[in-house]
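Structural features, examined
What follows is the residue order along each chain.
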Amino acid sequence: MKSSNRVLAAVLGAALALPLGAAPAQAAPAITVEVIAANGSGCAPGTASVVPNADGTGFRVRYRDFTASAGGSADIVDRRKNCQLGVLVSIPDGWTIAIASANYRGRAALKSGATALQRTSYYWQGASATERKDVTFTGPYNGLWTTWDVAPVMTYAECGSQSVLNVNTELRVDAGTSTSTSTMSMSNTEADVETLFNYSVSSC
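Residues numbered from 1 in each chain as written. Predicted model: local features only at pLDDT ≥ 70, side-chain atom pairs only at ≥ 80, totals over all residues. Heavy atoms only, no water.

1. A look at the sheet that holds strand β10 (residues 162–174)
- Taken in spatial order, the five strands make up an open sheet running β1-β5-β10-β7-β8, and their pairing is antiparallel. The open sheet terminates on both sides in strands that have one partner only, identified here as β1 (32–39) and β8 (131–138). Mean inter-strand twist for the sheet, computed between neighbouring axes without regard to direction, equals 15°.
- In the sheet, strand β5 (residues 80–90) pairs with β10 via 11 bridges, with the strands oriented antiparallel. Residue pairing for β10: Leu-88 is matched across the bridge by Val-164. (Pairing = 2+ DSSP bridges. Helix = DSSP H or I, 4+ residues; strand = E, 2+ residues; numbered from the N terminus. Axes fitted to C-alpha atoms, helices over the stretch in contact; angles between N-to-C directions.)

This is the structure in structure tokens:
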């Protein structure tokens, strides 16, 4: 009986030591991502991939051969390149996610008189809401570029599901008054050249 009392006292002591209303912290869910479809002149089979962030806050899209060019010896069909990716996002039961922001990065070499456009949109398959970002660049420009897109209203995927995020990216280059070749790229030729999608995670 004394032994039982000691156990009961220990349990009560531990319970009273917890802050009032405290609840165990929930671990971040293990979300997985995978490219299941890739179509377009900017992403030949095997040239686009996704890599989840180590901290579970989002994922990175990496392109190996995604470049638009115009002017000089560039072919007319190279002025516009596009890529449509289907990214399968697997969400554990009890959780849902939305894309909170996206960061697009690449390289550009635009001659004086040339212009370029980077356009990206993304949406959950079956959802009507689409986020779209258009950014224009004017030559002369030579080096890395980066743009941010913060979702004004976050659209959450279905709770505890496998949902497909469609990511559509387009690059256009117009030589304008320039006679030399200008290019714009989303290729992963530098360690920091890629597209980053950041999640907002919520319990259901």
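Here the narrative resumes.
2. Comments concerning the state of the cysteines
- As enumerated under the stated definition, the model contains two disulfides in all.
- Note on cysteine connectivity: Cys-43 is disulfide-linked to Cys-83, with sulfurs 2.2 Å apart. Between Cys-43 and Cys-83 the sulfur-sulfur dihedral comes to about 100°; the bridge is accordingly right-handed. Remark: Cys-83 occurs in strand β5 and Cys-43 occurs in the loop between β1 and β2 (48–52); sequence separation between them is 40 residues.
- Taking relative accessible area as the criterion, Cys-43 reaches 1% and is therefore assigned buried.
- Sequential numbering of the bridged cysteines in the protein gives the disulfide pattern 1-2, 3-4. (Disulfide = S-S within 2.5 Å. Buried < 20%, exposed > 50% of the residue type's maximum accessible area, 1.4 Å probe, protein only.)

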